[in-house]
Amino acid sequence: MVSTKLQALLNAQITNELGAEMQYLAMSFWFERENLHGMSTWFRNQAIEEHEHAMKIVSLMNEWDLPIELKSPPDPKTSFESAEEIFAGALEHEQKVTTQINDIFKLAREESAWHVEVAFQWFITEQVEEEVNARDNLARIQLVSNDTAALINFDRRLASAE
Ligand SMILES: [Fe+2]
Ligand SMILES: [Fe+2]
């Protein structure tokens, strides 16, 4: 059994992941205008991943015969002062998503909804990786922000980063 409360969290998480997709697209477009194409590509790839996360929850809810009530995410932030602000924002965003995923996992366990708990182990692991990448990127942008050659190098690296 999955309570209506847990169903609501799962539904909200579809919207949260789509919101992350939109936010990362907005970040990608900002970098594009700054001619930092590697960083733009990185965020565009992140947006694709977030879309996949949303669809993964949709598939799971269908398998579990749970109704999906799709809601729109809020508008993304589109104006930024610096690359560092964006990487800091991305880390903050991932930390927020980790909390949302943890809440689903915790409630699933409380309700003995083992199928939900097991499926969300994947998301828990994924969030660890997402936070590692976001922290790493923030640290790097802080190191290179005053060095144009290093910045361009980092930009080039991110174009092909996973
Ligand atoms: Fe995600
Ligand atoms: Fe993410």
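Residues numbered from 1 in each chain as written. Chains lettered and ligands numbered in written order. Predicted model: local features only at pLDDT ≥ 70, side-chain atom pairs only at ≥ 80, totals over all residues. Heavy atoms only, no water.

Draft legend 1. Quick peek at empty space enclosed by the protein. Tallied over the full model, the rule gives 1 cavity of 30 Å³ or more. Roughly 80 Å³ of internal volume is contained in the largest cavity. What lines the largest cavity is simply Tyr-24, Trp-42, Phe-43, Gln-46, Phe-87, Ala-90, Glu-94, Glu-130, Asn-133, Ala-134 and Asn-137. Partitioning the lining of the largest cavity into residue classes produces 6 nonpolar, 3 polar and 2 charged. (1 Å grid on protein atoms, 1.4 Å probe; cavity = no way out; pocket = protein on both sides within 12 Å on 5 of 7 lines; lining within 4 Å. Points joined across faces, edges and corners; volume = space filled by probe spheres on them. Nonpolar A, V, L, I, M, F, W, Y, C, P; charged D, E, K, R; others polar.)

Draft legend 2. Up close: the coordination of the iron ion (ligand 1). On the protein side, the iron ion (ligand 1) has Glu-17 (OE), Glu-50 (OE) and His-53 (ND1) as donor atoms, found 2.1 Å from it. Each donor residue of the iron ion (ligand 1) lies on one chain, and together they are spaced E-x32-E-x2-H. Between the two metal centres, the iron ion (ligand 1) and the iron ion (ligand 2), the spacing is 3.5 Å, with Glu-50 acting as a shared donor. A residue pair is termed long-range when its members are at least 10 positions apart, and Glu-17 in helix H1 (residues 4–33) and Glu-50 in helix H2 (residues 37–63) qualify at 33 residues. (Donors = N, O, S within 2.8 Å, 3.2 Å for Na, K, Ca; no water. Helix = DSSP H or I, 4+ residues; strand = E, 2+ residues; numbered from the N terminus.)

Draft legend 3. Structural detail: helix H3 (residues 83–110). Under the 1.5 Å per step criterion, the end-to-end length of H3 is 41 Å for 28 residues, consistent within 8% with the ideal 40 Å. One or two steps after H3, the chain reaches Ser-112, where phi turns positive at roughly 55 degrees. (Expected span 1.5 Å × (residues − 1).)

Draft legend 4. Seen up close, the layout of surface pockets. In this model, the largest pocket occupies a volume close to 200 Å³. In terms of lining residues, the largest pocket is bounded by 13 residues, among which Gly-19, Ala-20, Pro-74, His-93 and Lys-96 are the most central. Listing elements by their share of the lining of the largest pocket, those giving two or more residues are H1 and H3. By residue number, the principal contributor to the lining of the largest pocket is H1, which donates 5 residues. Partitioned by chemical class, the residues of the lining of the largest pocket number 5 nonpolar, 6 polar and 2 charged. As a volume, the second largest pocket reaches approximately 160 Å³. If you trace the second largest pocket, you find it lined by Gln-23, Met-27, Lys-77, Phe-80, Glu-85, Gly-89, Glu-92, His-93 and Lys-96.

Draft legend 5. Fine view of the coordination of the iron ion (ligand 2). Distances from the iron ion (ligand 2) to its protein donors, Glu-50 (OE), Glu-94 (OE), Glu-94 (OE) and Glu-130 (OE), fall within 1.9 to 2.6 Å. Note that the iron ion (ligand 2) binds 4 donor atoms; their angles at the metal cover 53 to 146 degrees, and the shape is irregular. Considered as a linear motif, the donors of the iron ion (ligand 2) on their single chain read E-x43-E-x35-E. (Tetrahedral: all angles 85-135°; square planar, octahedral: opposite > 155°, others 65-115°.)

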